Structures are given as structure tokens and as C-alpha cells.
Amino acid sequence: MPTTCWIKNPQAIFTANQEDARGGVVIQNDKIIELVALGKQPNSHVDVIEDASDLVMLPGLINTHHHFYQTLTRAWAPVVNQPLFPWLKTLYPVWAKLTPEALSLACDVALAELLLSGCTTTTDHHYLFPTGMEDAIDVQVDSVKRMGMRALLTRGSMSLGEDEGGLPPRHTVQTGDEILKDSERLIKTYHQRGEGAWMQIALAPCSPFSVTREIMADSAKLAEAEDVRLHTHLAETLDEENFCLKMFGMRTVDYLESVGWLSDRTWLAHGIHFNQDEIQRLGAAGTGICHCPVSNMRLASGMCPTLELVDAGSPIGLGVDGSASNDASNMMYEARQALYLQRLKYGAEKITPEKVLGWATKGSASLIGRTDIGEIALGKQADFAFFKLDELRFSGSHDPISALLLCGAEKAEHVMVGGKWRVREGEIIGVDTQALMARHRKVAAQLVS
């Protein structure tokens, strides 16, 4: 028998649309079947009632750019004060020592941190496949399943070694044939289609400075043939722009178009250094941009021109980026920083808490091609994050939705994914976080020794 639950009378609710759900939502199994207006009762028969009167309710947050493995190299002294290119050159040899056990622990920690921040769906961009790590994406799949989250795992790649003018060391790169063969295997093995998908695969050559033109073009052809999405870093720094001019004789968006990536199948991480013509071309193509404010500030990369991109037609989402450039995996923290960084660029009136929460939910969903998540509406998946405003930091706050960002909410009280509770009273169900941290810290210390 289907179980029907009324999540009743939240203190406040952000739906990411104009629907009135102030009386709560009714879910059946994994879907929303009714929105209850303020002061109303459900029309549906209800088996279970969850009182949400002391909770602020959001759609589950969606993270659209990350590198799980980097939780092992957070706040590492040699790179604390470096910009992107030297930061990468210093870290590549450390990351090349990654093992399946280390990656598994890194993924568990990243996912646990995301989940506790109210994130229900995440992407990851894994592009490191040194010897012994050929099944890295399979390791990630197992971790996602353990945590009970939704994920779009992007099969990253590096094929342009430093001996050919790229940034990564030779022993961290793969051939084009290896990359494409494994990409096909992963799509056939794991990629789910349609509403309610829990696991999906995308193709994600790392960046213009670490892959060849051939693997970019071949990945675009494979993505079209298999109907999966494309992801990469682009226009993050001026160094990258200069690299593209020197290596390919063109700017970043010209390069993107030349390899068949300028389309609505593509979403890009960072997207900072675009001129007005490039912004219009990206928007006309429907190419999405993942804004990563903390990483952009940490590496002093610059500010994403979010509102110009939106006006041109590009969807905007949020991502925490790798934990070695953030150095956190917390989507509420990311949303708060997006609010403040973008206000520096556009002013307080144009960048509201609701706009930024929209980027973190419905906007992020659009980046990864999902219409069944990211908002609270009829027929959408029952993915929710609930926050309590009972800490000292919230005392005296008046507008609950604004208080989440302005007062700095960092940890969800409850999280539901597909109608199943994954976090209750601030604890992940079935996960011993203290034991996980102990194992993770040990491996992290070994990696940098």
C-alpha cells in the first residue's frame, strides 16, 4: 500500500516557484501529490503527519560542480596562497597517489557534508585516473548509494600531459581511446533516464589546458549519440584565456564552439572571463553556468557575470567546487557567499536570498537537465531540506527565508530524498560520522606525507 504523508504547516517554505504551499505538502512514496495552501487541510487521505511548524522547508539543494577526492587535501599549507595554475601544478603529484580506498573515504566525507547542508542531488567531476584507479567512477557510485543521494557523476579526463604543453604530469593522463571506452561502459552500466533517476553519467574532459582538441570533440559526439550531458571548466582565470590563445589561437568560447560544445547539452564550471559577445552566444545556445563563489574568491579568480548570463538565456546554478579550493562541501554556505559576492557586482536590490536559493535549487536542476527536482510542485520528487532557526545566530531574526542566508544556516535538521529520510535531527541515518572522519584523516595525512 502506498504511504501518504502530510508535512504540515512549515514555519516558512521556499518552493522555487509561485505556488502556495504554506500549509505544507502531501507526498506519496517518492512524489509530491498535493500542495496545501495556508490554513487549509489536504484533500488527500493522509496516513502520516509530520509537524513542520518549527522548520523552514526548502527543495533539496543541488550541487552542480565538485571534486570529491579533494576533501583529502583541504587547507594544505603549500597551496593555501596560490592562484589556480601553480595551485594545480603543486597538487597534481599529490593527487596522483590516490588509491581506491582513499577515494572511497573522500567521497563519503564529501557526500556526508553535502547531505548535512541540505543537498539531495550532487554532481562530481572526477578526472584523475592514475594506474590502479581505472574504476574510480565505480568507487564513487558505491559511495553515492551508501549515502542515499541522487548523483550525476561526470566521467572526467586528462589527455594533454605537460610534455605536450598541458598542465598535468604525464602519469596522470590517459589516451583518448581509454577515455572513450570507459565513458561508454559507464553510460551503459549506470546511467538512468526519466523522472526519479538516482544515478546518471555525463562526460567531462577536465579543461582546455589538460585535454586535447580531439577528446573534446569526440566526447561531444559521444554525448550526442548517447544523449548525456557535457561538463568542463571554462573561463575560470585569465591564465586559462591566455593558454587558449597561445595553444589554440582562439579565446575560450571560440574554442568551445570549435569542438562542438556550444549547446544546451553543456554546463560549464566558473564562467568568469567572458566578454559581452561571448555571453550572448552562450545564452543563445542555452549553455549553463555553475557559479562557484567560494572557490572563485579563494583562488582570486574573479566574479561570474551571473545576471548578464541569465539575461542572455543561460541558466545559472551553484556548486561548491573541490574541497581543496573551497575548502568545504556545504551548499548553504555556498549560497550565502553567492549572495554577498554577487551583491558586490550587482547591488543589494538585484541579488536577493530568494534569487540565490533559486540558483541552488531550480537553477541547478536546469543545468543538469532535470525537471523533476529543484522545486516544490505537483508531481516533483519528494526531495526536501528542513532547517531550524533555534540557534543563537538566529535569535531576533524575523524573515525565516532570509535568515537562512543572512544569519548563516549551515546544517539541516532533516533531509528527505525521494520520500526517504536521510538526515534526522542533524544526524545522517546509518552513518557513523566520527568513525568516518577518523579513517579519512588518517588517509589524508598519508597522502601528503
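For the structure itself, consult the block above.
Since the structure is predicted, the reported quantities are computational estimates derived from the model, not experimental observations. (Residues numbered from 1 in each chain as written. Predicted model: local features only at pLDDT ≥ 70, side-chain atom pairs only at ≥ 80, totals over all residues. Heavy atoms only, no water.)

Asker: Account for the layout of surface pockets, with residues named and values stated.
Answerer: Rolled over the atoms, a probe sized like a water molecule indicates the empty space that remains. What the largest pocket holds in volume is close to 340 Å³. Broken down by secondary-structure element, the contributors of at least two residues to the lining of the largest pocket are helix H2 (100–116), strand S18 (427–428) and helix H14 (433–448). Counting residues per element, the lining of the largest pocket draws most heavily on H2, at 4 residues. A per-class count over the lining of the largest pocket returns 8 nonpolar, 4 polar and 5 charged. In this structure, the second largest pocket spans a volume of roughly 300 Å³. Along its surface, the second largest pocket is lined by 16 residues, and Gln200, Asp227, Arg229, Ile368 and Gly369 are the ones closest to its centre. Tallied by class, the residues present in the lining of the second largest pocket amount to 4 nonpolar, 5 polar and 7 charged. (1 Å grid on protein atoms, 1.4 Å probe; cavity = no way out; pocket = protein on both sides within 12 Å on 5 of 7 lines; lining within 4 Å. Points joined across faces, edges and corners; volume = space filled by probe spheres on them. Helix = DSSP H or I, 4+ residues; strand = E, 2+ residues; numbered from the N terminus. Nonpolar A, V, L, I, M, F, W, Y, C, P; charged D, E, K, R; others polar.)

Asker: Can you explain the sheet that holds strand S5 (residues 48–51)? Please cite residues and give values.
Answerer: Taken in spatial order, the 4 strands line up as S4-S3-S1-S5 in an open sheet, and their pairing is mixed. Bordering the open sheet on either side are strand S4 (31–36) and S5, each of which pairs with just one other strand. Recorded for the sheet is a direction-independent mean angle of 20° between the axes of neighbouring strands. (Pairing = 2+ DSSP bridges. Axes fitted to C-alpha atoms, helices over the stretch in contact; angles between N-to-C directions.)

Asker: Just give me the short version of the nonpolar core, but keep the residues and values in it.
Answerer: With 124 residues, the main nonpolar core has Leu58, Trp87, Trp95, Leu153, Phe274 and Val356 as its most contacted residues. Looking at this core element by element, the count peaks at 12 residues for H2. Excluding residues that lie within four positions of it along the chain, Phe274 makes contacts with Leu234, Ala235, Arg251, Thr252, Val253, Leu268, Ile279, Leu282, Ile289 and Leu309. Counting 16 residues, the second-largest nonpolar core is a separate cluster that includes Ile32, Ala52, Ala382 and Phe384. (Core = buried A, V, L, I, M, F, W, Y, C linked by side-chain atoms within 4.5 Å. Buried < 20%, exposed > 50% of the residue type's maximum accessible area, 1.4 Å probe, protein only. Contact = heavy atoms within 4.5 Å.)

Asker: Got a sec to walk through a negative patch on the surface? Specific residues and values, please.
Answerer: A contiguous patch of negative charge, built from Glu134, Asp177, Glu178, Glu214 and Asp218, is present on the exposed surface. Looking at the negative patch, the elements with two or more residues in it are helix H4 (176–190) and helix H5 (213–226). The exposure class assigned to Asp218 is partly exposed, which follows from its relative accessible area of 31%. (Patch = residues over 30% accessible without salt bridge, like charges linked within 9 Å, V, L, I, M, F, W, Y side chains within 5 Å. Areas by Shrake-Rupley, 256 points an atom, 1.4 Å probe, with all protein chains shown as cover. Salt bridge = Lys/Arg side-chain N within 4 Å of Asp/Glu carboxyl O. Lys, Arg positive; Asp, Glu negative; His and termini not counted. Charge placed at Lys NZ, Arg CZ, Asp CG, Glu CD.)

Asker: Provide a residue-level description of the sheet that holds strand S17 (residues 420–424), including the pertinent values.
Answerer: Strand pairing within a sheet occurs via backbone hydrogen bonds; the two strands may be parallel or antiparallel. Sheet architecture is open: 6 strands sit in the order S2-S6-S15-S16-S17-S18, paired in mixed fashion. If you trace the sheet from one side to the other, it starts and ends with strand S2 (12–13) and S18, each paired once.

Asker: So what's going on with the pairing of strand S12 (residues 266–270)? Residues and values would help.
Answerer: Counting buried positions over the 5 residues of S12 gives 5, a clear majority of the element. Across 5 bridges, the pairing between strand S11 (residues 230–234) and S12 is parallel. Its bridge partner being in S12, His233 is matched across the sheet by Ala269. Strand direction decides the pairing type here: S12 and strand S13 (residues 288–291), joined by 3 bridges, are parallel. For Ala269, the partnering residue across the bridge sits in S13 and is Cys290. In this fold, the crossover linking S12 to S13 by way of helix H8 (residues 276–285) has right-handed handedness. (Right-handed = clockwise from strand over helix to strand, strands pointing away.)

Asker: Please set out empty space enclosed by the protein residue by residue, giving values where relevant.
Answerer: For the structure shown, the criterion picks out 1 cavity of 30 Å³ or more. If you trace the largest cavity, you find 17 residues lining it, with Leu84, Trp87, Leu88, His233 and Glu236 closest to the centre. Ranked by residue count, the leading element in the lining of the largest cavity is helix H1 (residues 84–95), at 4 residues. Across the lining of the largest cavity, the residue classes break down as 8 nonpolar, 7 polar and 2 charged.

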